[in-house]
Amino acid sequence: MNPKSEEDRIELQDLTIAIGSMTLKNPVMTASGTFGYGEEYAPFVDLNRLGAVVVKGLSLEPRSGNPPPRIMETPSGMLNAVGLQNIGVRDFIARKLPFLRRYDTAVIANIFGETVDEYRQVAEILNGTEGIHAIEVNISCPNVKRGGISFGACPDAAAEITRHIRSETDLPLIVKLTPNVTDIAQIALAVEAAGADAVSLINTVTGMSVDIERRRPHLANVTGGLSGPAIRPIALRMVWQVVRAVKVPVIGIGGIMTASDALEFLITGARAVEIGTANFIQPAATMEILDGIKDYMIRHKIGKITELIGSLDTGTQGNC
Amino acid sequence: MNEIQSMMTGVIRENRKVASDQFMMTVILPPSFPIPAPGQFVMVREANRGEPLLARPLSVYGFQKQDDHAVLELLYRLAGRGTILFSKMKPGDEVALIGPLGKGFTIPEGLTRVLFIAGGVGVAPLIFLLQDRFLTAETEKGKKPIFYLGARNVNLLVGLERLNGLCDLKLCTDDGSQGYHGPVTELLKSEIEGYDPKETVIFACGPTPMILSLGRLLKDNPIPCQVSIEERMACGLGACLGCVVAIRGPGRKREYVRVCLEGPVFDLKEVLPTSSVDMQGSENES
């Protein structure tokens, strides 16, 4: 095969997917908190090729975050307790969003609040802001004292937050779920009923690590959120549970480092994937994953990515 | 300041022990690797190895650009699993590098007296700074740089061969096995009155106790001091917000800034090192 015809074939692959009213050119997105506000990665990544950029979590007012040390490497993963340090939604719109508007890529604002009203206000500010294509609601951060996970661990609280934000915005609404619950499908069903257009999962798994010489926790916050390949099988299992429970699209997150990792999630039923910790290790990870997905589709003669999504064959094993 | 960052694979030419807990790695890179400024660092990991996951931040010890390749020298202390694995790498092995990163040292105008204060492996960025910026005619007008170098004992004093003849070298050891018997900051304290604050600048890098002690010594002294700080890092690019250090921001307000982007070089009087991480051994697993 000559190179030109191969190129033509690559162009024939249809990777577009829909999340609510939003169409993404492909299912490869960045996970909040691992890609800054996009510009940090522009030297390494063609942002135009991404399905979407999910920016660092935004709160109503700037937050200084937790004291250091904030991170610690653990087997096949890392713990973090950043505590949602961010410049605040208004500064983001004024100083960071203009850069992202130059790209033909969906921008998803990840939002966070300590109270229902703070979430609502951030959504209100973002609604109608040029260059914001969707909102991802973080009800799953394990590293802050108020807000975050306290909303995400209870179906009623998760639904209440979702309803309030839904009433403020027509933007596609994605709710990001925590794995630190007894039954993640329950939470997913609750936010779906409250008007979420999609759910993304999982956020980090709460964890801890101790310096035995000093008899101190490695993180100043004592506990942190575990990310990276260590959590991937947990994430995949939860995506499997949730895709069977809800009708809205599921976005898979959790230790995706390579195209084959991403394909596991897509085949299991995730409509899209978010790449997180991999960006820290290999800044161009998203590009390699996207290319690898295309190669796989060529190899398996799959014209549309939607044919692949949810094509998992469990035989009789999955019908418990 | 060099704003260009690059992601490249380098080949190890040499990786040898220079002290009981320190190694020097020489990496051959494509000639297009951007020239680092003194004080900048690179994120290093073994190519084709999935574990440990994260790259390690190492400051640049030396850099030479040739026609068809570049040579990068890195000095590192065995501080955890990541650096121990680095020390086992052989010539010909590949490393994945991102860099040069961060904001390096700033050279003020009109200097006649330059002091370097280094502890242990903290000598690396300061030797690169000395060799890169203070060998030229402009500084010959002034007095010879003075290099205070401290370590726990004589066997841990590294980089002496690069310093000979370039500066007045003042060695200190905690056990008195060479030079002054005591911390490097104690020797500086006894001599500080001899330096005119109007024409002196200090460049420093070393373990947390040294930086804290330097902070106390210079608290009421107008001599400016730039210090290179280390922290655990995941990305080195400003995204993970893992490597923050507290500083006194505008209006003396305490805030967290990223060592990888706003640093690693800070004004000593602004930085508030509160981290429990040993700055000299800021490994991801310490």
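That block above? That's the structure.
Notes on the structure in this doc start here. (Residues numbered from 1 in each chain as written. Chains lettered and ligands numbered in written order. Predicted model: local features only at pLDDT ≥ 70, side-chain atom pairs only at ≥ 80, totals over all residues. Heavy atoms only, no water.)

### Some points on the overall build of chain B
Consideration 1: Secondary structure summary: chain B contains six helices and 16 strands in total.
Consideration 2: Relative to the globule expectation of 19 Å for 286 residues, the C-alpha radius of gyration of chain B, 18 Å, shows essentially globular dimensions.
Consideration 3: With the C-alpha coordinates of chain B rotated into their principal frame, the extents come out at 55 × 45 × 40 Å.
Consideration 4: Within chain B, contacts between residues separated by at least 24 positions form 67% of all contacts whose residues are at least 6 apart in sequence.
Consideration 5: When the accessible surface of chain B is summed, it comes to about 11,300 Å², and 50% of that surface belongs to carbon and sulfur atoms.
Consideration 6: Of the charged side chains in chain B, 31 are positive and 33 negative; the average position of the first set lies 3 Å away from that of the second. (Helix = DSSP H or I, 4+ residues; strand = E, 2+ residues; numbered from the N terminus. Rg over C-alpha atoms; globule rule 2.2 N^0.38 Å. Contact = heavy atoms within 4.5 Å. Areas by Shrake-Rupley, 256 points an atom, 1.4 Å probe, with all protein chains shown as cover. Lys, Arg positive; Asp, Glu negative; His and termini not counted. Charge placed at Lys NZ, Arg CZ, Asp CG, Glu CD.)

### Description of the overall build of chain A
Consideration 1: When you go through chain A residue by residue, the secondary structure sums to eleven helices and 16 strands.
Consideration 2: Overall, the C-alpha framework of chain A stretches about 60 × 45 × 45 Å when taken along its three principal axes.
Consideration 3: Every one of the 320 residues in chain A was classed for burial, and the buried ones make up 61%.
Consideration 4: For chain A, restricting intrachain contacts to residue pairs at least 6 apart in sequence, the fraction spanning at least 24 positions comes to 73%.
Consideration 5: Total accessible area on chain A stands at roughly 12,500 Å², and carbon and sulfur atoms take up 50% of it.
Consideration 6: If you average the places of the 30 positive and of the 35 negative side-chain charges in chain A, the two averages end up 3 Å apart. (Buried < 20%, exposed > 50% of the residue type's maximum accessible area, 1.4 Å probe, protein only.)

### Observations regarding the sheet that holds strand S13 (residues 244-248) of chain B
Residues and elements named next belong to chain B.
Consideration 1: The strand order across the open sheet built from three strands is S14-S13-S16, with neighbouring strands paired in antiparallel fashion. The sheet is open, and its two edges are formed by strand S14 (254-258) and strand S16 (271-272), each paired on a single side.
Consideration 2: Inspection of the sheet shows S13 paired to S14 by five bridges, in the antiparallel sense. Bridging from a neighbouring strand, Ile247 pairs with Glu255 of S14. (Pairing = 2+ DSSP bridges.)

### Looking at the interface of chain B and chain A
Consideration 1: With 31 residues of chain B at the interface, the matching set in chain A holds 38 residues.
Consideration 2: Together, the buried faces of chain B and chain A total about 2,800 Å²; carbon and sulfur atoms form 62% of this surface.
Consideration 3: When the area that chain B buries against chain A is broken down by residue, the three leading residues are Leu53(B), Arg232(B) and Tyr256(B), summing to 23%.
Consideration 4: Between chain B and chain A we count one salt bridge in total.
Consideration 5: For Arg56(B), the salt bridge is made with Glu73(A), and the minimal N-O distance between the two is 2.9 Å.
Consideration 6: Between chain B and chain A we count nine residue pairs in polar contact (both at pLDDT 80 or more) in total.
Consideration 7: Secondary-structure elements contributing two or more residues to the side of chain B that touches chain A are strand S1 (6-19) and S14 of chain B.
Consideration 8: Among the residues forming the side of chain B that touches chain A, the class breakdown is 15 nonpolar, eight polar and eight charged. (Buried area = accessible area lost by both parts, 1.4 Å probe. Salt bridge = Lys/Arg side-chain N within 4 Å of Asp/Glu carboxyl O. Polar contact = N/O pair within 3.5 Å; in protein donor to acceptor, adjacent residues only side chain to side chain. Nonpolar A, V, L, I, M, F, W, Y, C, P; charged D, E, K, R; others polar.)

### Focus: the packing of aromatic side chains
All names here are of chain B.
Consideration 1: Summed over the entire model, instances satisfying the criterion amount to 13 aromatic pairs over all chains.
Consideration 2: On the numbers, 5.9 Å between centres and 85° between planes, the contact of Tyr76 with Phe86 is edge-to-face. Pair noted here: Tyr76 is in strand S5 (residues 70-77) and Phe86 is in helix H1 (residues 81-87), with a separation of ten residues, a long-range link.
Consideration 3: The class of Tyr76 is buried, set by a relative accessible area of 1%. (Phe/Tyr/Trp six-rings, centres within 6.5 Å; stacked < 30°, edge-to-face > 60°.)

### A few points about a nonpolar patch on the surface
Residues and elements named next belong to chain A.
Consideration 1: Where nonpolar side chains cluster on the molecular surface, the patch consists of Met208, Val210, Ile212 and Val222 and spans about 380 Å² of accessible area.
Consideration 2: Within the fold, Val222 resides in the loop between strand S13 (216-217) and strand S14 (223-227).
Consideration 3: Look at Val222 and you get partly exposed, because its relative accessible area is 35%. (Patch = residues over 30% accessible without salt bridge, like charges linked within 9 Å, V, L, I, M, F, W, Y side chains within 5 Å.)

### Looking at the packing of helix H8 (residues 259-268) of chain A against helix H10 (residues 285-299) of chain A
Residues and elements named next belong to chain A.
Consideration 1: Running from N to C, H8 and H10 cross one another at 65°; their axes reach a closest spacing of 8 Å. H10 is crossed by H8, and the crossing has right-handed handedness. Here Ala259, Ala262, Leu263, Leu266 and Ile267 of H8 come into contact with H10, specifically with Glu288, Ile289, Gly292, Ile293 and Tyr296.
Consideration 2: Its residues assigned to classes, the contact of H8 with H10 comprises eight nonpolar, one polar and one charged. (Axes fitted to C-alpha atoms, helices over the stretch in contact; angles between N-to-C directions. Left-handed = near helix turned anticlockwise from the far one by under 90°.)

### Quick word on empty space enclosed by the protein
Rolled over the atoms, a probe with the dimensions of a water molecule shows which regions are left empty.
Residue and element names in this part refer to chain A.
Consideration 1: All told, the structure shown has four cavities of 30 Å³ or more when counted by the stated rule.
Consideration 2: Of the pockets and cavities examined, the largest cavity occupies roughly 460 Å³.
Consideration 3: Taken together, 34 residues line the largest cavity, and the ones lying closest to its centre are Ser32, Thr34, Asn80, Asn203 and Thr204.
Consideration 4: For the lining of the largest cavity, the secondary-structure elements that each account for two or more residues are strand S6 (77-80), strand S16 (272-275) and helix H9 (277-281).
Consideration 5: Residues of the lining of the largest cavity, tallied by class, amount to 14 nonpolar, 17 polar and three charged. (1 Å grid on protein atoms, 1.4 Å probe; cavity = no way out; pocket = protein on both sides within 12 Å on 5 of 7 lines; lining within 4 Å. Points joined across faces, edges and corners; volume = space filled by probe spheres on them.)

### Quick notes on the layout of surface pockets
Consideration 1: Considered as a void within the structure, the largest pocket measures approximately 780 Å³ in volume.
Consideration 2: Lining the largest pocket are 30 residues, with Gln85(A), Ile87(A), Tyr256(B), Arg258(B) and Glu262(B) positioned closest to its centre.
Consideration 3: Those elements giving two or more residues to the lining of the largest pocket turn out to be helix H2 (89-101) of chain A together with S14 of chain B.
Consideration 4: Element by element, the count of residues in the lining of the largest pocket is highest for S14(B), at five residues.
Consideration 5: If you add up the space inside the second largest pocket, you get close to 500 Å³.
Consideration 6: Forming the walls of the second largest pocket are 25 residues, and the residues nearest its centre are Met257(A), Ile281(A), Gln282(A), Glu288(A) and Arg45(B).
Consideration 7: Taken together, the elements giving at least two residues each to the lining of the second largest pocket come down to H9 and H10 of chain A together with S1 and strand S6 (94-101) of chain B.
Consideration 8: Classifying every residue of the lining of the second largest pocket by side-chain character gives 15 nonpolar, six polar and four charged.

### Quick look at the pattern of salt bridges
All names here are of chain A.
Consideration 1: Scanning the model with the defined rule gives 22 salt bridges over all chains in all.
Consideration 2: As a salt-bridge pair, Asp261 and Arg232 come within 2.9 Å of each other at their nearest N and O atoms. Taken together, the residues span a long stretch of sequence, with Asp261 in helix H8 and Arg232 in helix H7 (residues 232-245) at a distance of 29 residues.
Consideration 3: One salt-bridge network, in which partners are shared between bridges, spans Asp117, Arg120, Glu124 and Glu168.

### Quick notes on the pairing of strand S5 (residues 71-74) of chain A
Consideration 1: Residues Ile71(A) and Glu73(A) line one face of S5(A) and the alternating positions Met72(A) and Thr74(A) line the opposite face, and both faces are buried.
Consideration 2: The antiparallel pairing of S5(A) with S6(A) creates a hairpin that spans two residues between the two strands, and Ser76(A) there sits at a positive phi of about 55°.

### Examining the environment of Ser140(A)
All names here are of chain A.
Consideration 1: Checked against the element boundaries, Ser140 lands in the loop between strand S8 (134-138) and helix H4 (149-152).
Consideration 2: Of the residues examined, Ser140 reaches a relative accessible area of 0% and is grouped as buried.
Consideration 3: Note: C-alpha distance between Ser140 and Thr105 (35 residues apart in sequence) is 25 Å.

Nothing here speaks to function; it is geometry throughout.
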